[in-house]
Amino acid sequence: MDPVNTVLSNLKNILPTSSVLTGTAAAPYLADTLRPSWSYEGIDEPDVAAQNLFVVLPQTTEEVAEVVRMAFEHRIPVVPYGSGTGLMGGAAPIRGGIVIDMKRMDRVLEISKEDMWAKAEAGIVLGNLNTALGAVGLILGHDPWTQPAATLGGAISTNGLGYLGYKYGSMGQQVLGLEAVLPNGQILTTSSVPQASSGLPLKRLFIGTEGVFGIITRATIRAFPAPQCRRLLGYRFDSFELGFGAVQQLFFAGLEPSLLDFGEEYPHLSSVEGQGVETQHVASLLEVIVYLGFEGLEEHVNVTCEKADRVCRDWGSIEVSKGEVDAFWDNRHWHGDRSGWSQTPSILTDYVHVALPPSKVPSYRDSAVRIIREKGVHLREFGLWNQPSLFSVVVQASSSEKAKLSQCIDALLTMARDMEGSIEYCHGVGLRISRHMEHEMGVAGMELLRSIKSAVDPYNIMNPGKWGL
Ligand SMILES: Cc1cc2nc3c(=O)[nH]c(=O)nc-3n(C[C@H](O)[C@H](O)[C@H](O)COP(=O)(O)OP(=O)(O)OC[C@H]3O[C@@H](n4cnc5c(N)ncnc54)[C@H](O)[C@@H]3O)c2cc1C
């Protein structure tokens, strides 16, 4: 039997035939949401036949482990796949092999109000877990844009962040414990406590590591009491500096919003096409708008909102109508055109989401303006999310100027690390920014990372090619 048929028959010995996909049925798994239309150069339209791709849909941890053991024995790449909403190419099977789609492992195993936790399988969609928690007066806390689609395993593996991340933490911070299948097929289970001082917390090996060390099959997640009260506010400022000043003062005053969404918006490239990039940037600021949310006990929320309102007004803002604020909140999931994200063939859009010491955000922004002008691309948006240190830049270029856009992204990422920051705060690295891993980690860091990878995954079968590994 040829190697391809051997793998197929091995998989069909482990799983029912209906749980093994090949050919055109496997094609949708060739990519996540990273597309060639971004500034990323490395992904061409992938070809399923060329990849010898198999997709499996296991229903139990033991099935996952058996598939991985077989892959380990035959040195076949294995790629964990949640919902494929990832933006970095993390779930793309670039070396072919076996994609393990976790979606059929979507059971809630236990919800304990007393322990304020949920135990669930990794393939559960976040929104479904949140609904299950709601039945006992708890919430998930992690509330990303893609909550209706992304899985628990995908969110842990990218250490994702949601709209309410400052209050409830990133997805990784919510993980109390987990179960994972290692590259040799062994099953690891960690304890499920919020605090331990008993050596290296092995759960960390799977948080924000995009499936390069193993496959998460179950997790125990901290849950939170549903807030008695949530109030949302919105303010327009005349400039980034005024808005940033207000936000910093909120945090200095200990007001700590559960929601912070700050956007400094410029027109979408198509609406100003033909004008000089510099003119667009300087002349056509659309708006600076800050959405804030506070939640918890009603009395506390009311007092905090009053104080936040005073701070924002002191910095010269005008309050946004309740209807506009409510629309922002109600449309936060899948509001795909908010920043001109939708890709048109003639216009490329790309972004960075960097983490910086808050004091360096204003100078990073100023230098970003300089870089954007130098590279000749179009500024679409600057933003802050969750807290003053998490900064994003959205840039655009016409499709004939992809190289300029890539150079701009590279310069923005390099500058973030040079300013003691990090190249990404919630989407992972995947393929899209893997060329920056050496700079992010440093020489010693990258060597250590490679040593850990080869100790855990000696044949590099687990999601190979990601992070440059
Ligand atoms: C329009 C849009 C908005 C978005 N907004 C947000 C946002 O607000 N916040 C945010 O954090 N992200 C956001 N994302 C990115 C994406 O939704 C998240 O990264 C999400 O958590 C990925 O989950 P997934 O189930 O789709 O994972 P996938 O895309 O399938 O996989 C992501 C990575 O995790 C690995 N993986 C998946 N499951 C497992 C597992 N069980 N074990 C080990 N590794 C695994 C994959 O191999 C891959 O490397 C957005 C994406 C889009 C398209």
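Residues numbered from 1 in each chain as written. Predicted model: local features only at pLDDT ≥ 70, side-chain atom pairs only at ≥ 80, totals over all residues.

## Some words on the environment of Gly-383
Right, on to step 1. Looking at the secondary structure, you find Gly-383 in strand E17 (residues 378-385).
Right, on to step 2. Classification of Gly-383 by C-beta neighbours within 10 Å gives partly exposed; the count is 19.
Right, on to step 3. Between the C-alpha atoms of Gly-383 and Glu-265, which are 118 residues apart in sequence, the distance is 8.3 Å.
Right, on to step 4. Apart from the residues within four sequence positions on either side, Gly-383 is in contact with Phe-262, Gly-263, Glu-264 and Ser-392. (Helix = DSSP H or I, 4+ residues; strand = E, 2+ residues; numbered from the N terminus. Buried ≥ 20, exposed ≤ 12 C-beta atoms within 10 Å, placed from the backbone. Contact = placed C-beta atoms within 7 Å.)

## Considerations on helix H11 (residues 361-375)
Right, on to step 1. Here H11 contains 15 residues, and its C-alpha end-to-end distance of 21 Å stays within 8% of the 21 Å for a straight helix at 1.5 Å per residue.
Right, on to step 2. Gly-376 sits one or two residues past H11 and shows a positive phi near 75°. (Expected span 1.5 Å × (residues − 1).)

## Some thoughts on the confidence of the model for the chain
Right, on to step 1. Confidence in the prediction of the chain, expressed as mean pLDDT, is 92, and 91% of residues score 70 or more.
Right, on to step 2. pLDDT under 50 marks residues 336-341. Its contacts with residues more than four places away, or in other chains, come to 11 contacts. (pLDDT = per-residue confidence, 0-100.)

## Description of the sheet that holds strand E1 (residues 20-21)
Right, on to step 1. The 4 strands lie next to each other as E1-E2-E4-E3, forming an open sheet whose pairing is mixed. Of all the strands in the sheet, just E1 and strand E3 (78-81) have a single pairing partner and so form its edges.
Right, on to step 2. By the bridge criterion, 2 bridges tie E1 to strand E2 (residues 53-56) in an arrangement that is antiparallel. By the bridge assignment for E2, Leu-21 is matched with Val-55.
Right, on to step 3. Packing of helix H1 (residues 3-14) onto the sheet brings it into contact with E1 and E2, and relative to E2 it is tilted by some 5°.
Right, on to step 4. Helix H3 (residues 61-74) rests against E2, E3 and strand E4 (97-101) of the sheet, and its axis sits at about 165° to E4. (Pairing = 2+ DSSP bridges. Axes fitted to C-alpha atoms, helices over the stretch in contact; angles between N-to-C directions.)

## Topic: the site of the ligand
Right, on to step 1. In the region of the ligand, 37 residues are neighbours, and Gly-82, Gly-90, Gly-153, Gly-154 and Gly-160 sit closest.
Right, on to step 2. For the shell around the ligand, the residue count by class is 15 nonpolar, 20 polar and 2 charged.
Right, on to step 3. Each of domain 1 (3-104) and domain 2 (108-225) accounts for three or more of the residues forming the shell around the ligand. (Near = placed C-beta within 6 Å. Nonpolar A, V, L, I, M, F, W, Y, C, P; charged D, E, K, R; others polar. Domains from an automatic or database assignment.)

## Quick notes on the nonpolar core
One broad rule of soluble globular proteins: the nonpolar side chains tend to lie buried together.
Right, on to step 1. Ranked by size, the top nonpolar core spans 129 residues in total, and within it Ile-100 and Leu-412 carry the most contacts.
Right, on to step 2. Broken down by element, the residue count for this core peaks at 7 residues, all from helix H12 (residues 402-418).
Right, on to step 3. What Leu-412 contacts, discounting residues up to four positions off in sequence, is Val-352, Ala-368, Ile-371 and Val-393. (Core = buried A, V, L, I, M, F, W, Y, C linked by C-beta atoms within 7 Å.)

## Considering the packing of helix H7 (residues 240-252) against helix H9 (residues 298-314)
Right, on to step 1. Packing of H7 against H9 brings their axes to within 9 Å, and their N-to-C directions diverge by 145°. Seen along the crossing, H7 lies across H9 with a hand that is right-handed. On the side of H7, the interface is formed by Ala-246, Gln-249 and Leu-250, while H9 contributes Ala-308, Val-311 and Cys-312.
Right, on to step 2. Among the residues making up the contact of H7 with H9, the classes are represented as 5 nonpolar, 1 polar and no charged. (Left-handed = near helix turned anticlockwise from the far one by under 90°.)

## A word on the packing of H11 against H12
For any two helices packed against each other, one specifies the crossing angle of their axes together with the interaxial distance.
Right, on to step 1. Closest axis-to-axis distance for the H11/H12 pair is 10 Å, and the angle between their directions is 155°. Our classification of the angle between H11 and H12 gives roughly antiparallel. As H11 runs across H12, the sense of the crossing is right-handed. Of the residues in H12, those in contact with Tyr-364, Ser-367, Ala-368, Ile-371, Ile-372 and Lys-375 of H11 are Lys-404, Gln-407, Cys-408, Ala-411, Leu-412, Met-415 and Ala-416. (Parallel < 35°, antiparallel > 145°, perpendicular 65-115°, else oblique.)

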